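One letter stands for each residue in the lines below.
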Amino acid sequence: MVKFGIIGGTGFYKMEGLPVLEKKEITNEYGRTHVSVARYRDLKIAFVPRHGTSHSLPPHVINYRANIKAMKDIGVKYIMSTAAVGSLHMLLPPGELVLLSQFIDWTKGRISTFFDGEDPNFKHVDVTEPFSGLLRKKALKAAESSGIHIHPYGTYVSTEGPRFETPAEINMMRMIGGDVVGMTVVPEVVLANEAGIDYATVAVVTNYGAGMLPGGIYHEEVEGIFASARQRLEELLIGIFNAVAKE
Ligand code: HPA
């Protein structure tokens with residue numbers, strides 16, 4: 001069984017520091033997912049690049065259900081994901097890490113549940129604490145012991161994409177209580193909750209929201225900023241799993 005999983009977002013397409021034990025293609029009732037399993041000491045970590053290995057899957061096309069079900073079926077109990085995000089606050093500049101604590105779902109046309117038909121066992125999943133309290137606690141500790149600075153709370157506004165936002169939308173998102181904006185964490189976090197998997201996200205601020213600075217937002221810029229945080233991020237995720245495994 002592989003107990004730990006990572007879903008890598010924009011800029012994070014494979015585990016760089018760890019040996020890969022196997023690569024699998026997992027097919028389930030929702031579709032197909034490519035998973036590689038890496039090893040850190042005696043831990044096995046499944047890795048899924050959310051956008052594919054070369055950023056070929058746009059946010060609204062990602063098969064979130066196939067990915068979460070594939071993780072569940074190989075035994076994953078804890079998922080850490082990463083997400084590139086735009087900042088909604090001038091005091092939260094590019095390069096900063098944010099441990100997400102809440103989300104606002106502003107997606108429009110996505111299947112965001114495993115319960116999509118008549119089912120006597122369907123449930124209204126509780127998302128009072130959408131991001132795992134255990135993983136968040138371990139993340140803060142692991143960050144502290146590695147000297148990595150991370151913001152302990154952040155509300156993520158999930159948009160449909162794949163376009164970036166208008167400045168008017170960015171203003172609105174700030175007014176309704178958002179801290180960062182991205183295109184993928186919903187429905188992933190919801191599905192993980194439905195599947196009973198502990199799930200948390202480290203967001204990397206790659207840019208200010210549209211209109212907060214002169215000029216536009218470009219994907220290359222987002223990937224460039226993410227790359228500068230990548231090593232810190234990989235170290236942090238491994239530290240989190242190590243702490244969970246010890247408990
Ligand atoms: N908006 C939406 N998604 C993003 C952004 C953004 O500004 N930056 C990185 N992902």
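Now for a description of the structure that goes with this document. Keep in mind it's a predicted model, so treat the numbers as computed, not measured.

Rules used in this analysis
- Residues numbered from 1 in each chain as written.
- Predicted model: local features only at pLDDT ≥ 70, side-chain atom pairs only at ≥ 80, totals over all residues.
- Heavy atoms only, no water.
- Helix = DSSP H or I, 4+ residues; strand = E, 2+ residues; numbered from the N terminus.
- Rg over C-alpha atoms; globule rule 2.2 N^0.38 Å.
- Buried < 20%, exposed > 50% of the residue type's maximum accessible area, 1.4 Å probe, protein only.
- Contact = heavy atoms within 4.5 Å.
- Areas by Shrake-Rupley, 256 points an atom, 1.4 Å probe, with all protein chains shown as cover.
- Lys, Arg positive; Asp, Glu negative; His and termini not counted.
- Charge placed at Lys NZ, Arg CZ, Asp CG, Glu CD.
- Patch = residues over 30% accessible without salt bridge, like charges linked within 9 Å, V, L, I, M, F, W, Y side chains within 5 Å.
- Salt bridge = Lys/Arg side-chain N within 4 Å of Asp/Glu carboxyl O.
- Core = buried A, V, L, I, M, F, W, Y, C linked by side-chain atoms within 4.5 Å.
- Phe/Tyr/Trp six-rings, centres within 6.5 Å; stacked < 30°, edge-to-face > 60°.

**As for the overall build of the protein**
And step 1. Looking only at helices and strands, the protein has 5 helices and 10 strands in total.
And step 2. Relative to the compact-globule value of 18 Å for 247 residues, the protein shows a C-alpha radius of gyration of 17 Å, a close match.
And step 3. If you line up the protein on its principal axes, its C-alpha atoms span 50 × 45 × 35 Å.
And step 4. Taken over 247 residues, the protein has a buried fraction of 53%.
And step 5. Contacts in the protein between residues far apart in sequence, at least 24 positions, make up 81% of those at least 6 positions apart.
And step 6. Accessible surface, the protein: about 11400 Å² in total, of which carbon and sulfur atoms supply 53%.
And step 7. Side-chain charges in the protein split into 25 positive and 27 negative, and the spacing between the mean points of these groups amounts to 6 Å.

**Some points on a positive patch on the surface**
And step 1. Together, Lys3, Lys72, Lys77 and Lys123 line one region of the surface with positive charge.
And step 2. Mapped onto the secondary structure, Lys77 falls in the loop between helix H1 (64-73) and strand S5 (78-87).

**Side note on the nonpolar core**
And step 1. Ranked by size, the top nonpolar core spans 43 residues in total, and within it Leu97, Val202, Leu236 and Ile240 carry the most contacts.
And step 2. Top contributing element to this core by residue count: helix H5 (residues 219-246), with 10 residues.
And step 3. Here Leu236 is in contact with Leu97, Ala139, Ala142, Ala143, Ile148, Ile150 and Val202, once residues within four sequence places are set aside.
And step 4. Membership of the second largest hydrophobic core comes to 36 residues, among which are Ile74, Val85, Tyr156 and Val189.

**A closer look at helix H4 (residues 185-194)**
And step 1. Of all 10 residues in H4, 10 are buried, a share of seventy percent or more.
And step 2. Within H4, the full set of buried residues consists of Val185, Val186, Pro187, Glu188, Val189, Val190, Leu191, Ala192, Asn193 and Glu194.
And step 3. Following H4 by one or two positions, Gly196 has its phi on the positive side, about 75°.

**As for the packing of aromatic side chains**
And step 1. Summed over all chains, the structure comprises 6 aromatic pairs.
And step 2. Relative to Phe241, the ring of Phe4 has its centre 4.8 Å away and its plane inclined at 35°; by these criteria the two rings are tilted. With Phe4 in strand S1 (residues 4-8) and Phe241 in helix H5, the pair connects residues that are 237 residues apart, well separated along the chain. We note that Phe4, like Phe241, is buried.
And step 3. A centroid spacing of 6.3 Å and a plane angle of 35° characterise the contact between Phe131 and Tyr199, whose relative ring orientation is tilted. Taken as a pair, Phe131 in the loop between strand S7 (102-106) and helix H2 (133-146) and Tyr199 in strand S10 (residues 198-208) lie far apart in primary sequence, 68 residues in all.
And step 4. Among the residues examined, Tyr199 registers a relative accessible area of 1% and is labelled buried.
And step 5. Three or more aromatic residues link up through ring pairs in this structure, and these residues are Phe4, Tyr78 and Phe241.

Take it as geometry only, folks, not as evidence of what the structure does.
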